[in-house]
Amino acid sequence: TEKRPGRRDFPYLKNKLSKMPFVHEVHNITYPDEIYEHITDRELDFRETFISDEISGLKICLQSGLPYCLMIEEDAVVPVDFMTLLLKQVIEPLENKGVLNPSGGTGAISVVSLYSYYNLVFFGPHRLHYERYSKNKYQDDRAKMNIERWAWNMLPYKPKFQVKEKDYKYGTVAMLYTRESAMKLVEFMQSVGVDPIHNADEFMNADEYFPKVMGVKRKHVNPSLVNHIGFYSERMAHVKARGMFSQLNTDSRFIYD
């Protein structure tokens, strides 16, 4: 989905990525959601575009008829065995606990973030540009390849992820929904999307908004099963955090393979 003027044509996607054997369908969504049909004299602002994009992606997921919906941003990276890890350590444990019902595409979830927002820029104890973290706990936190683990007499890396409740109101790096929650989120976003007072991610994540509608708190996967690799935010290019451009949000514990 792309609605910004001058960015609606992606020849690399059309000529290269769309022809990869694992790509089933390509949807080119350059038009706003129906709730913005009345806006004809201007381009959508950032909040409206963000909400419209999320609604468009969710509608595509719903058209598939599949029990689950996973939306991942373009500046994200997944590990080599991503689908196996997602099924075995996230979806199946939730199904076994009765939290998810694959046959009906339902479950006791609002949103599940596969990214845990561990190393943030503006707050939290794990800020990479804070010397007291980068020279101390970071060395324990950061992912280590097996050759380094061997040198330090550590056991070989074994991926292990847990799904936990987590109160955090920003971000849409990698979000998992049931068909039911995706359908309800479309309805909710359309109800708050006209003259929005927040960005889409706040409406989706914050306890007082969509999780309250679903009656279930937001969850995340810890450590991150999907990592954020975007070091530069176009929207916030004018904002600087202690001499660094926002947003350097990532998870140093993530390991690709």
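What counts and how
Residues numbered from 1 in each chain as written. Predicted model: local features only at pLDDT ≥ 70, side-chain atom pairs only at ≥ 80, totals over all residues. Heavy atoms only, no water. Buried < 20%, exposed > 50% of the residue type's maximum accessible area, 1.4 Å probe, protein only. Helix = DSSP H or I, 4+ residues; strand = E, 2+ residues; numbered from the N terminus. Pairing = 2+ DSSP bridges. Contact = heavy atoms within 4.5 Å. Axes fitted to C-alpha atoms, helices over the stretch in contact; angles between N-to-C directions.

Participant: Describe the pairing of strand β8 (residues 219-222), and please don't skip the residues or the numbers.
Facilitator: Of the two faces of β8, the one holding Lys 219 and Val 221 and the one holding His 220 and Asn 222 are both buried throughout. Of the pairings in the sheet, the one linking strand β5 (residues 112-113) to β8 comprises two bridges and is parallel in character. Across the sheet, the residue bridging to Val 112 is Lys 219, located in β8. Sheet topology places strand β6 (residues 162-165) next to β8; four bridges connect them, and they run antiparallel. Paired with Lys 164 across the bridge in β8 is His 220.

Participant: If you had to explain the sheet that holds β6 to someone new, which residues and values would you point to?
Facilitator: Reading across the sheet, the five strands line up as β1-β7-β5-β8-β6 and stay open at both edges, with mixed pairing between neighbours. The strands lining the two open edges of the sheet, one partner per strand, are β1 (68-72) and β6. The strands touched by helix α2 (residues 46-64) within the sheet are β1 and β7 (174-178), with β1 carrying the most contacts at an inclination of about 140°.

Participant: How would you sum up the pairing of β7? Please name residues and give values.
Facilitator: For β7, the tally of buried residues reaches five of five residues, placing the bulk of the element in the interior. Neither face of β7 is exposed, since Ala 174, Leu 176 and Thr 178 on one face and Met 175 and Tyr 177 on the opposite face are all buried. Relative to β7, β1 runs antiparallel, the two being bridged by five bridges. Across the sheet, the residue bridging to Ile 72 is Ala 174, located in β7. In this structure, β5 lies alongside β7, joined through two bridges in antiparallel fashion. Bridge pairing in β7 places Ser 113 opposite Met 175.

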